[in-house]
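A closer look at the structure
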Amino acid sequence: MKKDFETKFTAWAFIFAAILLWGGWALRPHHIGEYIVASDFAAINEDLWYWIWMFRFHIFGWVTMAIAIFALISITAKKPYRVVLLPGAGMVVIGTMTLAIASAFYYNFGAWGVGQTMGKSAAEIQEFMDNILYTNQYVTCFVRFGRIFSGVGLVLLGFGFIKWKIVNPLLGWFTALLGLAAMAIIMGIPDNFEIYKPVFHVKVIWLAMMGIAILLKGVNLPETKS
């Protein structure tokens, strides 16, 4: 078992990612749906700067999650299990940063749109909404593919965790099943934004559990022949 400064840093990165992701989501006074609508701007403007800061925390939660995955792989990417863990971590990071970019769109357009629509007529607001529709459509693809990429990576990480018992086997199964659920929901029901919401909360629980498990037990790096 490896338990030292490296594992503690990794563990706290997972924990902080969970806090920032969920805290930024839970404390945000208004949630934008899959597509921005005109009524979002009035709701955001009720407490604009608080909304901005909570969204920033949420976005940095995705960034911190990527840091946590990078940190984990830096201490576990050894022969022979690196052939599974490294691509798994890479896919999770790619998916996570894709989701961070998508979140940045909602954050930027949500805050920017307040000023752009303030004092405008209904026709002018509708023109503004029409102009951002195409960009919004692209961003929904970012959201979906970010979740799928992350799901693929989690399945690979889960497989590696289970096969080499790098963390508790139950946590390994949790990782793999979370990845499968993410992929199944997005590919099976691609146009239902609401149904994926519980998976986000489960991912936050996974981050917290990973952090706590690594903080308490470290990681297991068994000596295995190549």
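In this report, we go over the structure that sits alongside the text.

What counts, and where the lines are drawn
Residues numbered from 1 in each chain as written. Predicted model: local features only at pLDDT ≥ 70, side-chain atom pairs only at ≥ 80, totals over all residues. Heavy atoms only, no water. Core = buried A, V, L, I, M, F, W, Y, C linked by side-chain atoms within 4.5 Å. Buried < 20%, exposed > 50% of the residue type's maximum accessible area, 1.4 Å probe, protein only. Helix = DSSP H or I, 4+ residues; strand = E, 2+ residues; numbered from the N terminus. Contact = heavy atoms within 4.5 Å. Phe/Tyr/Trp six-rings, centres within 6.5 Å; stacked < 30°, edge-to-face > 60°. Lys NZ or Arg CZ within 6 Å of the ring centre and 35° of its normal. Salt bridge = Lys/Arg side-chain N within 4 Å of Asp/Glu carboxyl O.

**Quick word on the nonpolar core**
The biggest cluster of nonpolar side chains holds 65 residues, and the ones touching the most others in it are Phe-14, Ile-36 and Trp-206. Looking at this core, the elements that each hand over two or more residues are helix H1 (5-26), helix H2 (38-45), helix H3 (48-76), helix H4 (82-117), helix H5 (122-164), helix H6 (169-188) and helix H7 (197-217). Considering each element in turn, this core owes the most residues, 13 residues, to H4. Excluding anything up to four places from it in sequence, Phe-14 contacts Ala-68, Ile-69, Leu-72, Trp-206, Leu-207, Met-210, Gly-211 and Ile-214.

**Side note on the packing of aromatic side chains**
Considering all chains together, one arrives at 16 aromatic pairs under this definition. Arranged with centres 5.2 Å apart and planes meeting at 75°, the rings of Phe-105 and Tyr-106 form a pair that is edge-to-face. Taking the relative accessible area as the measure of exposure, Phe-105 reaches 7% and is therefore buried. Judged by centre distance (4.4 Å) and plane angle (40°), the ring pair of Phe-105 and Phe-109 falls under tilted. Here Phe-105 and its partner Phe-109 are both found in helix H4, four residues apart, which amounts to about one turn of the helix. The residues Phe-105 and Phe-109 share a single accessibility class, namely buried. Three or more aromatic residues joined by ring pairs form one cluster here, namely Phe-41, Phe-105, Tyr-106, Phe-109, Trp-112 and Phe-128. Across the ring face of Phe-55, the terminal group of Arg-28 is positioned such that the distance to the ring centre comes to 3.9 Å. Stacked on the ring of Trp-53, the Lys or Arg Arg-56 has its end atom at 4.5 Å from the ring centre.

**Concerning the pattern of salt bridges**
Considering all chains together, one arrives at four salt bridges under this definition. Between Lys-2 and Asp-4 there is a salt bridge whose closest N-O contact spans 2.8 Å. You can call Asp-4 partly exposed: its relative accessible area is 28%. In this structure, the salt-bridge partner of Lys-2 is Glu-6, at a minimum N-O distance of 2.9 Å.

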